[in-house]
Amino acid sequence: MNGLSISELCCLFCCPPCPGRIAAKLAFLPPEPTYSLVAEPEPGSSGGGSTPGRGSGGALGRWKLHLTERADFQYTQRDLDTTEVFFTKSSRGNRISCMYVRCVPGARFTVLFSHGNAVDLGQMSSFYIGLGTRINCNIFSYDYSGYGVSSGKPSEKNLYADIDAAWQALRTRYGISPENIILYGQSIGTVPTVDLASRYECAAVVLHSPLTSGMRVAFPDTKKTYCFDAFPNIEKVSKITSPVLIIHGTEDEVIDFSHGLALYERCPKAVEPLWVEGAGHNDIELYSQYLERLRKFISQELTNQRN
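Criteria and cut-off values
- Residues numbered from 1 in each chain as written.
- Predicted model: local features only at pLDDT ≥ 70, side-chain atom pairs only at ≥ 80, totals over all residues.
- Heavy atoms only, no water.
- Core = buried A, V, L, I, M, F, W, Y, C linked by side-chain atoms within 4.5 Å.
- Buried < 20%, exposed > 50% of the residue type's maximum accessible area, 1.4 Å probe, protein only.
- Helix = DSSP H or I, 4+ residues; strand = E, 2+ residues; numbered from the N terminus.
- Contact = heavy atoms within 4.5 Å.
- Pairing = 2+ DSSP bridges.
- pLDDT = per-residue confidence, 0-100.
- Expected span 1.5 Å × (residues − 1).
- Salt bridge = Lys/Arg side-chain N within 4 Å of Asp/Glu carboxyl O.

Undergrad: Please clarify how the nonpolar core should be interpreted in this entry.
TA: Most often, soluble globular proteins have nonpolar side chains that are buried together. In this structure, Leu112, Phe140, Ile182, Leu183, Ile247 and Leu294 are the most contacted members of the largest nonpolar core, which totals 84 residues. Tallying contributions element by element places helix α5 (residues 156–174) first for this core, with eight residues. The residues touching leucine 112, leaving out its near neighbours within four places in the chain, are Phe140, Tyr142, Ile163, Ala166, Trp167, Leu170, Ile181, Ile182, Leu183, Tyr184 and Leu196.

Following this line, the structure appears as structure tokens:
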């Protein structure tokens, strides 16, 4: 996230109408895809499936998930086979890869998970199975434009269109109502999560290692939000009407702990946060408090609120 050259800094300040350029410099690191979606023949049809790359084909049909070794899948083939995958289309014309992990049949809540940077659905699939099983929720996730086998290129506008497409797919394809959806964003995934949560009511929101804005990550002394700033979570979080749980490590080396604290102070619907002492940006899940706090939030606080 650091290391901008003098010429790039000049571009930021002298040619300000370029939030997409700020976003691209600071945030997007899509890995080489660790999975493919293979088209399955419809019942009664003949012929083999085809593996689409980014930007190919339509969204119809049945698909099967194939993981590469780099996905480092930790579970059984049976777990893999019960993971549903498909494509949906965003309002900006990109084909978005989606994954529905049925961890707990009949679960009350489904988590719409927006993952962090430099990973895709293949790498996250094991984590989703483990997390959903432990917090008693199903998990629905998607790859941003230009990540995994989603088409297009990463951009701030695409992030917002991508989560909108995922939200609509979750609601229409599976019939899940907003009061049973928990929006979960991790790192860069907090950007589409906050944007969607500021526009739609849902069961709850979890912000894991969130950022306040792109400029504040790149230039920590930034005190106000400029019109050309990217990812202005700090300006949107106050519009969220659902309960918000913020989780941040106190030793985060990528997005400073002060970002989580600032969002907590700005968010009127924030519940008791989880500040993980000594945790960095990518290891919060290894601390026992992480699952304990999520379980308490979902099984006690949200349930009591609705009863």
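Undergrad: What am I meant to see in unusual backbone geometry here?
TA: Where the residue is not glycine, phi is negative for most of them; where a peptide bond is considered, it is trans in most cases. Backbone geometry places aspartate 72, a non-glycine residue, at a positive phi of 50°. You can see aspartate 72 is positioned in the loop between β2 (62–67) and α3 (77–81). Although it is not a glycine, alanine 118 sits at a positive phi angle of roughly 65°. With respect to the helices and strands, alanine 118 occurs in the loop between β5 (110–114) and α4 (121–135). Taking relative accessible area as the criterion, alanine 118 reaches 36% and is therefore assigned partly exposed.

Undergrad: For this particular structure, what's the right way to read the pairing of strand β4 (residues 95–101)?
TA: For a regular strand, side-chain orientation follows a simple rule: the groups alternate between the two sheet faces. With respect to burial, β4 is a largely interior element, seven of its seven residues being buried. Bridging between strand β3 (residues 83–89) and β4 involves seven bridges; their strand directions are antiparallel. Across the sheet, lysine 89 pairs through a bridge with arginine 95, a residue of β4. Between β3 and β4, which pair antiparallel and follow one another directly, the connecting turn spans five residues, one of which, glycine 93, has a positive phi of 85°. Of the pairings in the sheet, the one linking β4 to strand β6 (residues 138–142) comprises four bridges and is antiparallel in character. Bridging from a neighbouring strand, valine 101 pairs with isoleucine 139 of β6.

Undergrad: Help me understand the confidence of the model for the protein, please; the structure alone is not making it clear to me.
TA: Do not read the fine detail of predicted coordinates wherever pLDDT is low. Looking at the protein, the pLDDT average stands at 87 and 84% of residues meet or exceed 70. Taken as a whole, residues 6–17 scores under 50 in pLDDT and shows 16 contacts with residues more than four places along the chain or in a different chain.

Undergrad: Before we go on, may I ask you to explain α5 in this structure?
TA: Because each turn of an α-helix spans 3.6 residues, side chains separated by three or four positions in sequence point in the same direction. With 19 residues, α5 extends 27 Å from end C-alpha to end C-alpha; this agrees with the ideal 27 Å at 1.5 Å per step. After α5 finishes, the residue glycine 175 shows a positive phi value of roughly 65°.

Undergrad: What is the right way to look at the environment of valine 206 in this model?
TA: Topologically, valine 206 is positioned in strand β8 (residues 204–208). Judged by its relative accessible area of 1%, valine 206 falls in the buried class. Taking the C-alpha atoms as reference points, valine 206 and glutamine 186, 20 residues apart in sequence, are found 8.3 Å from one another. Once residues within four sequence positions are removed from consideration, valine 206 is found in contact with Ile182, Leu183, Tyr184, Gly185, Thr193, Leu245, Ile247, Leu294 and Phe297.

Undergrad: Before we go on, may I ask you to explain the side chain of threonine 83 in this structure?
TA: Inspection of the secondary structure assignment puts threonine 83 in strand β3. Every residue in contact with threonine 83, bar those within four places of it in the chain, is listed here: Leu65, Met99, Tyr100 and Val101.

Undergrad: When you look at the pattern of salt bridges in this model, what are you seeing that I'm missing?
TA: Proximity of charged atoms lets side chains of opposite charge pair with each other. Inspection of every chain in the model, using the stated rule, returns seven salt bridges. Note that lysine 64 and aspartate 81 form a salt bridge whose closest N and O atoms lie 3.2 Å from each other. In this pair, lysine 64 is assigned in strand β2 and aspartate 81 in helix α3, connecting sequence segments 17 residues apart. When its relative accessible area of 44% is taken as the criterion, aspartate 81 is described as partly exposed. Residues joined by salt bridges that share partners form a network here, namely Asp164, Asp195, Arg199 and Lys236.

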